Amino acid sequence: MKAVEVTRFGDPSVLTLVDLPDPLPGPGQVAIDVTHAAVGLIDVYLRQGLYKDQEGLAQPPYVPGLEVAGTVRAVGEGVTRFTVGEKVAVLPGNGTGGYASVFISDQDRVVSTEAYDIDPALAAAAVPNAIMAHIALTKAITLAAGESVLVHGALGAFASAFPGIARQLGASRIVGTVRTARLGPAAATKLPCDDIADSGNLPDALGGEKFDVIIDPVGGTVRTQSLDLLAPSGRLLLVGNASGDWDHTIPSNAMWYGNTVVAGFNAGGYVPAHPETIPPAARAALKAAASGLLQPEIELLPLAEAATAHARLENHTVNGRIVLVP
């Protein structure tokens, strides 16, 4: 099979197109002919070596990628829920294997898209993140119908799934924030946001508005500012750190005084410990995708251009999702 390997930790040039043996599914596993593989920030962080000392995470040489869509190629012993040729999407696992023409996944992370009219590029780009967004908004915190939601970095990979899922859960108002340079693309977004605000002009850009729930995949200064944007008893959900500010701290007295909750959601740690959350979240995500609630901008690139995709993510020149096509 064709695949992209990380030959060593480093800049995007370490991504190399290679030929590898076709992998075979073991017991409880599904082999997938990949049609689309989404590129995410976690792929970039892993390639940079940011998590190189974390036990269980990939070490070079490895094939990156954790969000794929395609068709079932073969099933391992004990797998009865899937048939060869069935259209599927895959929930992220350990962050490896996706940038290839064949992908192996545990069956519990495979979701059939066969019964839904969903473009496979969208299935890779949005459905896995929407599954995680649903789990985050129903388990890590609870979004109630009628509440307002603010989503920082709204055009980002994970963040872009939250407006649609929040709308599906009954949110009354959804506002997204983006960098000043992305206000133009954001104005044309098909995501179900009621307004878009400039994250470089907070809090003034929001005109004093407060929110019941704030989704923060950005971190840094935006995270601190978010505490003052919460309504009484509001919830700030931390889902990433795209700012790269790993030393940032939150003033706990502000949380106490404002009766607010700050919760973290790391899908890589939460979902494996709570596999029972996947089926209902998958049903919700597939319905959201089929009904048009998940519409990030998607750009297709050949698998061989994975390094270009990584460089653009690092340079913040992506306004939606880049999806690789083997």
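Our subject is the structure listed above.
1. Some thoughts on the environment of L41
1) Next: With respect to the element layout, L41 can be found in helix α1 (residues 41-48).
2) Next: Of the residues examined, L41 reaches a relative accessible area of 32% and is grouped as partly exposed.
3) Next: Here the alpha-carbon distance between L41 and P163, two residues 122 residues apart in the chain, equals 19 Å.
4) Next: Here L41 is in contact with A242 and L313, once residues within four sequence places are set aside.

2. Notes on the pattern of salt bridges
1) Next: Tallying each qualifying case throughout the model produces 11 salt bridges.
2) Next: Where D22 meets R73, a salt bridge forms, and the shortest distance between an N and an O atom there is 3.1 Å. Of this pair, D22 sits in the loop between β2 (15-19) and β3 (29-39) while R73 sits in strand β4 (residues 67-75), and the two are 51 residues apart along the sequence.
3) Next: For D22, a relative accessible area of 39% gives the class partly exposed.
4) Next: By sharing partners, the salt bridges in this structure join D22, D33 and R73 into a single network.

3. Some details on the nonpolar core
1) Next: The biggest cluster of nonpolar side chains holds 52 residues, and the ones touching the most others in it are I131, L137, V149, F162, I215, L237 and F265.
2) Next: Broken down by secondary-structure element, the contributors of at least two residues to this core are α2 (120-125), α3 (127-140), β8 (148-151), α4 (162-168), β9 (173-178), β11 (211-216), α8 (267-273) and α9 (278-290).
3) Next: Broken down by element, this core gets its largest block of residues, eight residues, from α3.
4) Next: In contact with L137, not counting residues within four places along its chain, are T142, L143, F162, I165, A166, L169, V213, I215 and L237.
5) Next: Listed in part, the 24 residues of the second largest apolar core include L15, V102, L303 and L313.

4. Regarding the side chain of E86
1) Next: Tracing the chain through its elements places E86 in the loop between β4 and β5 (87-90).
2) Next: One buried charge, E86, has no salt-bridge partner; the nearest side chain with opposite charge is R81, at 7.8 Å.
3) Next: Within polar-contact distance, the side chain of E86 engages the side chain of S112 at 2.7 Å.

5. Regarding the packing of aromatic side chains
1) Next: In total, this model carries six aromatic pairs according to the counting rule given.
2) Next: On the basis of an interplanar angle of 75° and a centroid distance of 6.2 Å, the ring pair of Y45 and W246 is categorised as edge-to-face. Note that Y45 is positioned in helix α1 and W246 in the loop between β12 (230-238) and α7 (252-258), a separation of 201 residues in sequence.
3) Next: Each ring, one from F158 and one from F162, has its centre 5.0 Å from the other, and the planes form 55°; the classification is tilted. Across the pair, exposure class does not vary: F158 and F162 are buried alike.
4) Next: Ring pairs connect the aromatic residues Y45, Y51 and W246, which therefore count as one cluster.

Here is what the cut-offs are and how they apply
Residues numbered from 1 in each chain as written. Predicted model: local features only at pLDDT ≥ 70, side-chain atom pairs only at ≥ 80, totals over all residues. Heavy atoms only, no water. Helix = DSSP H or I, 4+ residues; strand = E, 2+ residues; numbered from the N terminus. Buried < 20%, exposed > 50% of the residue type's maximum accessible area, 1.4 Å probe, protein only. Contact = heavy atoms within 4.5 Å. Salt bridge = Lys/Arg side-chain N within 4 Å of Asp/Glu carboxyl O. Core = buried A, V, L, I, M, F, W, Y, C linked by side-chain atoms within 4.5 Å. Lys, Arg positive; Asp, Glu negative; His and termini not counted. Polar contact = N/O pair within 3.5 Å; in protein donor to acceptor, adjacent residues only side chain to side chain. Phe/Tyr/Trp six-rings, centres within 6.5 Å; stacked < 30°, edge-to-face > 60°.

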